[in-house]
Amino acid sequence: GNAGRVYYFSGAGMVAIEPSPTDFAFSVRPNPARGEARVSFTLPATGVVRLTLHDGLGRLVAVVADGARAAGAHDLTVDVRALPPGVYLLRFEGADAPFARPLTVVR
């Protein structure tokens, strides 16, 4: 499956690379999502985290988190009720190199 894939933007599209960042846990559930999705991640050390949601063209749709977070487990909620159905990317910056995971919105 695509569970271990990491995505990044390259030009006009997104490209999958392997593997996921090391000693860093990140999950999105449910996926596909209808109303809300829960993003869970564990930071190995305290640091600044920026989590953004982008459409398939790379345009910013929402800022989910932007600021300092303590080391340890975190849960954030992404409200997707107002978004049209489609595949979006949750872009994560912090803890390691920037990466993104797909989030599919369905009705």
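Scroll up for the structure.
Because the structure is predicted, anything quoted here is derived from the model rather than measured.

A. Focus on the overall build of the chain. Tallying secondary structure elements over the chain gives 0 helices and 9 strands in all. Secondary structure of the chain in N-to-C order comes out as β-β-β-β-β-β-β-β-β. Counting only residues that meet the buried cut, the chain has 33% of its 107 residues in that class. When the accessible surface of the chain is summed, it comes to about 5900 Å², and 54% of that surface belongs to carbon and sulfur atoms.

B. Highlighting the pairing of strand 4 (residues 36–43). Here strand 4 shows a buried face lined by Ala37, Val39, Phe41 and Leu43 and an unburied face lined by Glu36, Arg38, Ser40 and Thr42. As judged from the 5 bridges shared by strand 3 (residues 25–29) and strand 4, these two strands associate in the antiparallel manner. Each residue of the ladder has a partner; that of Phe26, found in strand 4, is Phe41. What sits between the antiparallel neighbours strand 3 and strand 4 is a turn of 6 residues. Across 8 bridges, the pairing between strand 4 and strand 7 (residues 72–79) is antiparallel. Residue pairing for strand 7: Val39 is matched across the bridge by Leu76.

C. Region of interest: the sheet that holds strand 4. Strand order in this open sheet of 3 strands is 3-4-7, and the pairing throughout is antiparallel. One side of each edge strand has no neighbouring strand; the edge strands of this open sheet are strand 3 and strand 7. Each adjacent strand pair in this sheet contributes to an overall mean axis angle of 15 degrees, direction not counted.

D. Spotlight on the side chain of Arg101. As for its placement among the helices and strands, Arg101 is situated in strand 9 (residues 96–105). Taking the relative accessible area as the measure of exposure, Arg101 reaches 12% and is therefore buried. Looking at Arg101, its side chain comes within polar contact range of the main-chain oxygen of Phe26, at 3.1 Å.

E. Main features of the side chain of Thr52. With respect to the helices and strands, Thr52 occurs in strand 5 (residues 47–54). In this structure the side chain of Thr52 is engaged in a polar contact, spanning 2.8 Å, whose partner is the side chain of His54. The contacts of Thr52, once residues within four sequence positions are left out, are Leu60, Ala62, Val63, Val64, Leu89, Leu90 and Arg91.

Thresholds applied
- Residues numbered from 1 in each chain as written.
- Predicted model: local features only at pLDDT ≥ 70, side-chain atom pairs only at ≥ 80, totals over all residues.
- Heavy atoms only, no water.
- Helix = DSSP H or I, 4+ residues; strand = E, 2+ residues; numbered from the N terminus.
- Buried < 20%, exposed > 50% of the residue type's maximum accessible area, 1.4 Å probe, protein only.
- Areas by Shrake-Rupley, 256 points an atom, 1.4 Å probe, with all protein chains shown as cover.
- Pairing = 2+ DSSP bridges.
- Axes fitted to C-alpha atoms, helices over the stretch in contact; angles between N-to-C directions.
- Polar contact = N/O pair within 3.5 Å; in protein donor to acceptor, adjacent residues only side chain to side chain.
- Contact = heavy atoms within 4.5 Å.

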